[in-house]
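Here is how the chains run, residue by residue.
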There are 2 protein chains.
Amino acid sequence: MESQGEEYRDALARRQRVLAPTYRLFYDEPLYVKKAEGVWLHGADGRRYLDAYNNVPVVGHCHPHVVECIVRQAAVLNTHTRYLTDAPIELGERLLATLPREINCVTFTCSGSEANDLAMRVCKSVTGGQGAIVTEFAYHGTTETLAGMSPVTGQATAHGVFKARIDPVRNDATAFALQVEAAIGQMRAAGIRPAALLVDTIFGSDGVVPGPAGFLQPAVAAIRAAGGLFVADEVQPGFGRTGEGIWGFQRHGVVPDLVSMGKPMGNGHPVAALCARREVMENFARSTRYFNTFGGNTVACAAALAVLDVLERERVLANALAMGERLQRGISQLAARHACVSSVRGAGLFIGMQLQPPQLAARVVNAAKREGVLVGTAGGANDTIKIRPPLVIGADEVDLLVSGLDRALAAASPRDG
Amino acid sequence: MESQGEEYRDALARRQRVLAPTYRLFYDEPLYVKKAEGVWLHGADGRRYLDAYNNVPVVGHCHPHVVECIVRQAAVLNTHTRYLTDAPIELGERLLATLPREINCVTFTCSGSEANDLAMRVCKSVTGGQGAIVTEFAYHGTTETLAGMSPVTGQATAHGVFKARIDPVRNDATAFALQVEAAIGQMRAAGIRPAALLVDTIFGSDGVVPGPAGFLQPAVAAIRAAGGLFVADEVQPGFGRTGEGIWGFQRHGVVPDLVSMGKPMGNGHPVAALCARREVMENFARSTRYFNTFGGNTVACAAALAVLDVLERERVLANALAMGERLQRGISQLAARHACVSSVRGAGLFIGMQLQPPQLAARVVNAAKREGVLVGTAGGANDTIKIRPPLVIGADEVDLLVSGLDRALAAASPRDG
């Protein structure tokens with residue numbers, strides 16, 4: 001930290017004093033950020049950092065159209081869904097237009113956590129069951145219910161929650177479906193009725209495992225045969241991250257019962273949603289009302305509408321697909337030159353680079369930051385470098401990202417250099 | 001609806017098609033809102049409506065300083081708390097400065113629901129218990145955990161959740177503490193260890209019951225004696241609503257273990273927080289980390305900082321106290337003239353007007369809307385008119401509100417007229 005000045009040390013100390021001790025900063029030497037634009041975060045140290053970690057600013061940090069739409073709406077009307085207003089209607093229509101026609105109604109929330117938590121309330125109410133299946137290193141959110149369904153955090157799974165293992169390398173659809181069936185069997189043996197299979201449609205926290213196209217089909221068939229519902233958690237993969245479509249589940253040729261979405265939906269503005277088959281929500285609505293004060297407020301909807309505008313106008317999905325290929329090619333070339341890279345996986349602009357030995361990953365993340373490139377780790381052993389730049393990244397920036405990772409791999413693992 | 005045109009009918013029909021069937025609109029003839037400023041909502045019908053319902057736009061709809069601060073920050077940096085940034089530090093310092101010194105650390109979330117849900121995770125983790133006490137008609141949020149602690153919604157309380165009755169009229173502190181002690185007894189008889197007493201510091205959903213100053217003291221002593229923690233839910237009363245201080249618990253001379261806040265915190269921008277005694281969060285942090293993607297992001301913090309600015313600069317609390325007295329006086333005069341008003345209660349600008357017979361309340365709410373005044377209902381029997389204007393309301397507007405309610409009472413209950 002000697003490289004940083006007094007303002008930096010002062011900010012760190014003040015933060016320590018006021019924020020709860022549950023907070024953690026990234027990096028051995030945390031990054032003090034002052035501004036951001038496009039794919040760049042600008043540090044208080046006067047350097048710029050290529051953001052290849054944050055999947056929230058999907059159309060680039062501080063995108064002017066998104067900022068303008070937020071401002072315009074915030075100055076005129078910011079209110080909730082118990083009045084008739086235009087923004088949630090327009091957003092609902094445009095969101096549903098991106099989804100299969102079976103997914104035909106929407107509920108707005110503030111966060112992916114609220115969307116997943118609501119999904120679980122719906123599944124339990126509709127099936128009458130309490131049993132849920134998640135992957136071995138799943139992460140689905142921060143509420144009490146979801147903390148019990150997020151084994152990657154190290155917390156014990158809650159009663160009624162069962163795990164199905166994703167093999168990061170073998171990636172076999174049948175093997176995964178057998179895991180799901182085994183979980184259903186354990187559930188039944190414990191006298192618990194199946195309610196839901198809740199999975200990311202690219203297995204981010206399990207080590208960035210995309211699965212081959214169609215991977216999810218047999219597992220989805222298994223949960224449905226057992227009377228449960230399939231919830232696609234699109235909080236990470238959604239809005240074009242996986243390249244071939246706006247939603248991750250499209251790669252798998254399945255139509256979920258419920259689709260949760262969040263993080264990139266407002267490019268940083270807190271907005272999220274649960275989209276669903278209407279008959280499922282009608283069943284839920286028979287016993288339950290749901291109102292979310294900020295969910296679907298006019299400004300949150302304006303932010304999400306602006307993101308959809310940019311995705312269309314700037315042909316962001318096509319860019320994500322092309323840049324994803326360029327990036328995967330670049331990372332694969334690194335794998336050929338650095339013996340520590342044991343596997344490269346991904347879809348679109350969501351790429352995992354698995355390292356050996358596992359503890360190398362944290363060193364590479366810190367070395368990459370010193371090289372001006374921001375990445376993170378994923379996987380049960382935290383052995384996979386998680387690479388997720390904004391979808392508007394350009395070819396030159398992809399090349400900078402690859403060369404930065406190249407230097408970081410060399411620096412963190414000198415034998416490879 | 002014949003009074004409204006084609007655009008209105010079209011918007012209603014489109015909304016019906018895309019939003020989930022759990023959604024409900026206020027009023028027999030829903031209000032189609034196009035813009036808002038100060039205490040006024042402007043309808044598509046060309047009329048303006050005095051907003052005496054929404055406690056979110058605490059400094060007035062679309063307050064220019066709040067809008068400006070959101071814009072300025074959104075254009076420069078919108079990122080999360082795993083980087084070092086200034087906004088959450090500054091907000092943490094300024095929030096904690098409004099709280100007793102024992103409450104000395106903060107965790108940011110997106111909504112009051114997320115704050116209350118986290119509070120329950122903390123209480124259960126720290127006490128090792130699962131038992132919680134809420135009031136008979138409590139409402140604490142939308143997550144699965146909180147739905148099971150919100151009996152006013154009509155849902156069954158969850159396992160481990162026990163109710164203590166608030167008598168809207170008698171308001172007796174000792175009687176309430178006896179209810180809490182009885183709940184602790186039931187809990188223990190069921191083999192459940194007490195974790196928390198979670199209550200609003202003005203009992204809004206129980207019928208807008210402020211309790212006399214000090215009301216909560218014996219109940220708080222009872223939960224602590226049983227090993228549980230006291231969580232003050234300030235999502236509704238906080239930020240000056242109850243007039244005498246910025247927080248509702250201050251009226252009661254108690255210092256909570258945890259304080260949740262939300263709704264008005266960003267004047268409509270999704271931002272909320274859980275403030276706590278550091279030793280409680282340190283205990284929680286031993287087993288758990290907590291990260292909330294949007295919670296405490298730089299723009300959300302800018303919105304909340306702007307609200308604190310306005311509260312100070314415009315002397316909003318002093319206004320709330322003065323206007324609250326004027327409003328209570330006006331409502332009490334209505335009670336003297338309308339036999340159907342059985343009780344008037346409140347603190348600051350949170351006022352309840354209980355009606356007899358109970359079903360009159362819904363009629364008065366709809367009549368008031370026709371008179372250009374927006375209010376809602378509260379209480380186990382929905383028999384209480386809930387009156388909560390923005391805290392920046394002026395004397396003339398208070399008088400308009402009272403006269404509008406006067407006409408609504410006369411219209412809904414002609415015998416009184």
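None of these values were measured; they are calculated from a predicted model.

Time to look at the overall build of chain A. Within chain A, the regular secondary structure consists of 12 helices and 15 strands. Whereas a compact globule of 417 residues would reach a radius of gyration of roughly 22 Å, chain A reaches 21 Å, a difference of no more than 12%. Reported as C-alpha extents along the three principal axes, the dimensions of chain A are approximately 60 × 55 × 45 Å. Long-range pairs, those at least 24 residues apart, make up 74% of the contacts in chain A with a sequence separation of at least 6.

With that settled, consider the packing of helix α3 (residues 86-96) of chain B against helix α9 (residues 298-313) of chain B. Residues and elements named next belong to chain B. Orientation of α3 relative to α9, taken along the N-to-C sense of each, is 35°, at an axis distance of 8 Å. Here α3 runs over α9; the crossing is left-handed. Together, A87, P88, E90, L91 and R94 of α3 and T298, C301, A302, A304, L305 and L308 of α9 make up the contact between the two elements. Residues of the contact of α3 with α9, tallied by class, amount to eight nonpolar, one polar and two charged.

Next up on the list: the environment of G238 of chain A. Residues and elements named next belong to chain A. Tracing the sequence through the fold places G238 in the loop between β8 (229-233) and β9 (258-261). Residue G238 is classed as buried on the basis of its C-beta count, with 30 C-beta atoms lying within 10 Å. For the pair G238 and A300, spaced 62 residues apart in sequence, the C-alpha to C-alpha distance is 17 Å. Leaving out residues up to four positions away in the same chain, G238 has contacts with I246, W247, G248, M261 and P264.

Attention shifts here to the relation of the copies chain B and chain A. One chain copy maps onto the other through a rotation about an axis and a shift parallel to that axis. Take chain B, turn it by 180°, move it 0.0 Å along the axis, and it overlays chain A with an RMSD of 0.0 Å. Accordingly, the operation relating the two chain copies is best matched by a two-fold axis.

What follows covers the sheet that holds strand β1 (residues 33-37) of chain B. All names here are of chain B. An order of β1-β2-β3-β13 is seen for the four strands of this open sheet, with the pairing classed as mixed. Strand pairing shows two members of the sheet lacking a second neighbour, β1 and β13 (373-374), which therefore form its edges. For strand β2 (residues 40-43) and strand β3 (residues 48-51), the ladder comprises three bridges, and the chain directions are antiparallel. What sits directly across from L41, in β3, is Y49.

The next point concerns the sheet that holds strand β5 (residues 131-135) of chain B. All names here are of chain B. Pairing in this open sheet of seven strands is mixed, and the strands run β4-β10-β9-β8-β7-β5-β6 from one edge to the other. The open sheet has two edge strands, β4 (105-109) and β6 (161-164), and neither has a second partner. For this sheet, the mean inter-axis angle between neighbouring strands, taken without regard to orientation, is 20°. Strand direction decides the pairing type here: strand β7 (residues 194-200) and strand β8 (residues 229-233), joined by five bridges, are parallel.

Here we come to the nonpolar core. Membership of the largest hydrophobic core comes to 302 residues, with the highest contact counts inside it found for V180, A303 and V364 of chain A together with V180, L197, A303 and V364 of chain B. Not counting the four nearest positions on each side in its chain, A303 of chain A is found in contact with V66, C69, I70, G266, N267, H269 and V271 of chain A.

Let's shift gears to the domain arrangement of chain A. Residue and element names in this part refer to chain A. You can read the domains of chain A as domain 1 (6-59 + 316-416) and domain 2 (64-313). Distance between the C-alpha centres of domain 1 and domain 2: 26 Å. Taken together, the contact pairs 26 residues of domain 1 with 30 residues of domain 2. At the level of elements, α10 (316-337), β11 (341-347), β12 (350-355) and β15 (384-387) are the ones that each hand at least two residues to the side of domain 1 that touches domain 2. Of all the elements, α10 adds the most residues to the side of domain 1 that touches domain 2, at five residues. Looking at side-chain class alone, the side of domain 1 that touches domain 2 contains 14 nonpolar, 10 polar and two charged residues.

This part is about unusual backbone geometry. Residue and element names in this part refer to chain A. Cis geometry marks the peptide bond from Q356 to P357; its omega dihedral reads 0°. With respect to the element layout, P357 can be found in the loop between β12 and α11 (360-370). For C62, which is not glycine, the phi dihedral falls at a positive 55°. Looking at the element boundaries, C62 is found in the loop between β3 (48-51) and α2 (64-74). C-beta crowding within 10 Å serves as the criterion here: with 22 such atoms nearby, C62 is assigned to the buried category.

Moving on to the interface of chain B and chain A. One widely used convention gives an interface's size as the accessible area the parts lose upon coming together. Taken together, the contact between chain B and chain A spans 76 residues of the former and 76 residues of the latter. Per element, the largest residue contribution to the side of chain B that touches chain A is six residues, and it comes from α3 of chain B. In terms of residue class, the side of chain B that touches chain A is made up of 42 nonpolar, 19 polar and 15 charged.

Right, let's talk about the packing of helix α6 (residues 173-189) of chain A against helix α7 (residues 217-225) of chain A for a bit. Residue and element names in this part refer to chain A. Between α6 and α7, the least distance of the axes is 7 Å, while the angle of their chain directions is 20°. Of the possible angle classes, the one that applies to α6 and α7 is roughly parallel. Our pair here, α6 against α7, has a crossing hand that is right-handed. Taking contact as the criterion, the partners of A173, T174, F176, A177, V180, E181 and I184 in α6 are, on α7, Q217, P218, A219, A222 and I223. Here the contact of α6 with α7 is composed, by residue class, of nine nonpolar, two polar and one charged.

Bringing the pairing of β9 of chain A into the picture now. Residue and element names in this part refer to chain A. Residues of β9 alternate between two faces, with L258 and S260 on one and V259 and M261 on the opposite face, all of them buried. Two strands pair when backbone bridges link them, and β8 and β9 are joined in this way by three bridges, in the parallel orientation. Bridging from a neighbouring strand, A232 pairs with V259 of β9. Bridge count for β9 against strand β10 (residues 272-276) is four bridges, and the pairing is antiparallel. Counterpart to M261 in the pairing with β10 is A273.

Okay, the pairing of strand β7 (residues 194-200) of chain A next. All names here are of chain A. Of all seven residues making up β7, seven are buried, and the element is well covered by its neighbours. Note that strand β5 (residues 131-135) and β7 share three bridges and pair parallel. Note on β7: the bridge partner recorded for A132 is A196. Since β7 and β8 lie parallel, the crossover through α7 that links them has a hand, and here it is right-handed.

Further remarks concern helix α12 (residues 395-412) of chain A. All names here are of chain A. For α12, with 18 residues, the first-to-last C-alpha span of 26 Å sits near the 26 Å given by 1.5 Å per residue. When α12 is considered as a whole, its buried residues turn out to be E397, V398, L401, V402, G404, L405, D406, A408, L409 and A412. Contacts from the buried residues of α12 go to β3, α10, α11 and β13 (373-374).

For the rest of this paragraph, the subject is the confidence of the model for chain A. Counting all residues, the mean pLDDT for chain A is 96, and 98% of those residues have values of 70 or more. Here the prediction assigns the complex a pTM of 0.97, and the interface score ipTM is 0.97.

Within the secondary structure, I89 of chain B is located in helix α3. Using a count of 23 C-beta atoms within 10 Å as the deciding quantity, one classes I89 of chain B as buried. Measuring from C-alpha to C-alpha, the distance between I89 of chain B and T298 of chain B comes to 9.8 Å, with 209 residues separating the pair along the chain. The residues contacting I89 of chain B, other than those within four sequence positions of it, are A11, R14, R15 and V18 of chain A.

As a further point, take the environment of G228 of chain B. Among the secondary structure elements, G228 of chain B is positioned in the loop between α7 (217-225) and β8. In the structure, G228 of chain B is positioned 129 residues away from P357 of chain B in sequence and 39 Å away in space, judged by C-alpha atoms.

Rules used throughout
Residues numbered from 1 in each chain as written. Chains lettered and ligands numbered in written order. Predicted model: local features only at pLDDT ≥ 70, side-chain atom pairs only at ≥ 80, totals over all residues. Helix = DSSP H or I, 4+ residues; strand = E, 2+ residues; numbered from the N terminus. Rg over C-alpha atoms; globule rule 2.2 N^0.38 Å. Contact = placed C-beta atoms within 7 Å. Axes fitted to C-alpha atoms, helices over the stretch in contact; angles between N-to-C directions. Left-handed = near helix turned anticlockwise from the far one by under 90°. Nonpolar A, V, L, I, M, F, W, Y, C, P; charged D, E, K, R; others polar. Buried ≥ 20, exposed ≤ 12 C-beta atoms within 10 Å, placed from the backbone. Least-squares fit on C-alpha atoms with pLDDT ≥ 70 in both. Pairing = 2+ DSSP bridges. Core = buried A, V, L, I, M, F, W, Y, C linked by C-beta atoms within 7 Å. Domains from an automatic or database assignment. Parallel < 35°, antiparallel > 145°, perpendicular 65-115°, else oblique. Right-handed = clockwise from strand over helix to strand, strands pointing away. Expected span 1.5 Å × (residues − 1). pLDDT = per-residue confidence, 0-100.

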